Amino acid sequence: MDDRKLLREKIELVDSLRNKGIVDEKVLKAIRKVPRELFVLDEYRDRTYEDNALPLICSQTISQPYTVAFMTQLLEISPRIKVLEIGTGSGYQSCILAEMDCKVYSIERIPELYHYAKERIQKLGYEVVQKIDDGTTGWREFAPFDRILVTAAAPQSPLPLLSQLAIGGFMVIPIGDKSTQIMKRITRKTTIEFETEEFASFRFVPLIGEQGWTE
Ligand code: SAM
């Protein structure tokens, strides 16, 4: 597929995201800027700007553009805030956050995906601090985080992640069973008080780890 066709399809995708309720222009600008074609597998290049999740290596997925846009909009990003992402996957969401000028920390449990993402993030010149680990226990060394984004399906809110949220900060996380989850935004009001808002339902690959699902 030639680059002009990809560009046309990207513009159409951004218009369709706007029609679906993505109104944060900073999010739409980042989606226009980050080349999703670099993150999808070669055999899906033609489908880069369809609004669908696509298969990645290791039986994982790159999330649907609407899902990425929806979660990023919920994060209410402002420049230079610290964001922890659990589930680096392809690295696409990390680059969207880096493009929005966040300080991004991202954890992936599968080494092959860590390397897949790292190669692409470096190629685009973004700065993302990455590690291979079980993200359900967070990243104490860099806590507290202004925002935490979990991009895999959790059975409940991992307590270590709640404890690593800055006061006034919030976590966006899909919670439910393995087939469907409700997107939640959990705000840390005080050291011990949290407030939860619920949004639409989504379908993610499972969050596997100490505070997630067993493999
Ligand atoms: N954000 C990704 C992107 O932009 O491509 C999509 C993430 S994919 C839907 C979910 C990812 O979460 C998978 O790569 C999976 O290996 C990872 N994952 C699952 N459990 C995890 C855990 N406990 N810690 C870190 N990563 C985890």
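Residues numbered from 1 in each chain as written. Predicted model: local features only at pLDDT ≥ 70, side-chain atom pairs only at ≥ 80, totals over all residues. Heavy atoms only, no water.

**Student:** An account of the site of the ligand is needed here, citing residue identities and associated values.
**Tutor:** Near the ligand lie 27 residues; those nearest to it are Ser90, Glu108, Asp134, Gly135 and Ile208. One of the side-chain nitrogen or oxygen atoms of Glu85 is found 3.0 Å away from a nitrogen atom of the ligand. Residue Ile208 places a main-chain N or O atom 2.6 Å away from a nitrogen atom belonging to the ligand. In the complex, the protein chains occlude 99% of the 610 Å² of accessible area that the ligand would expose alone. Looking at side-chain class alone, the shell around the ligand contains 11 nonpolar, 11 polar and 5 charged residues. (Near = heavy atom within 4 Å. Polar contact = N/O pair within 3.5 Å; in protein donor to acceptor, adjacent residues only side chain to side chain. Areas by Shrake-Rupley, 256 points an atom, 1.4 Å probe, with all protein chains shown as cover. Nonpolar A, V, L, I, M, F, W, Y, C, P; charged D, E, K, R; others polar.)

**Student:** Let's hear about the packing of aromatic side chains: which residues, and what values?
**Tutor:** Per the counting criterion, the structure on display carries 10 aromatic pairs. Ring centres 5.7 Å apart and planes at 65° place the aromatic pair Tyr105 and Phe145 in the edge-to-face group. One end of the pair, Tyr105, is in strand E4 (residues 103-108); the other, Phe145, is in strand E6 (residues 145-150), and 40 residues separate them in sequence. For the pair Trp139 and Phe142, a centre-to-centre distance of 5.1 Å together with 80° between the ring planes defines the contact as edge-to-face. You can call Trp139 buried: its relative accessible area is 6%. Judged by relative accessible area, Phe142 falls into the partly exposed class, the value being 23%. (Phe/Tyr/Trp six-rings, centres within 6.5 Å; stacked < 30°, edge-to-face > 60°. Helix = DSSP H or I, 4+ residues; strand = E, 2+ residues; numbered from the N terminus. Buried < 20%, exposed > 50% of the residue type's maximum accessible area, 1.4 Å probe, protein only.)

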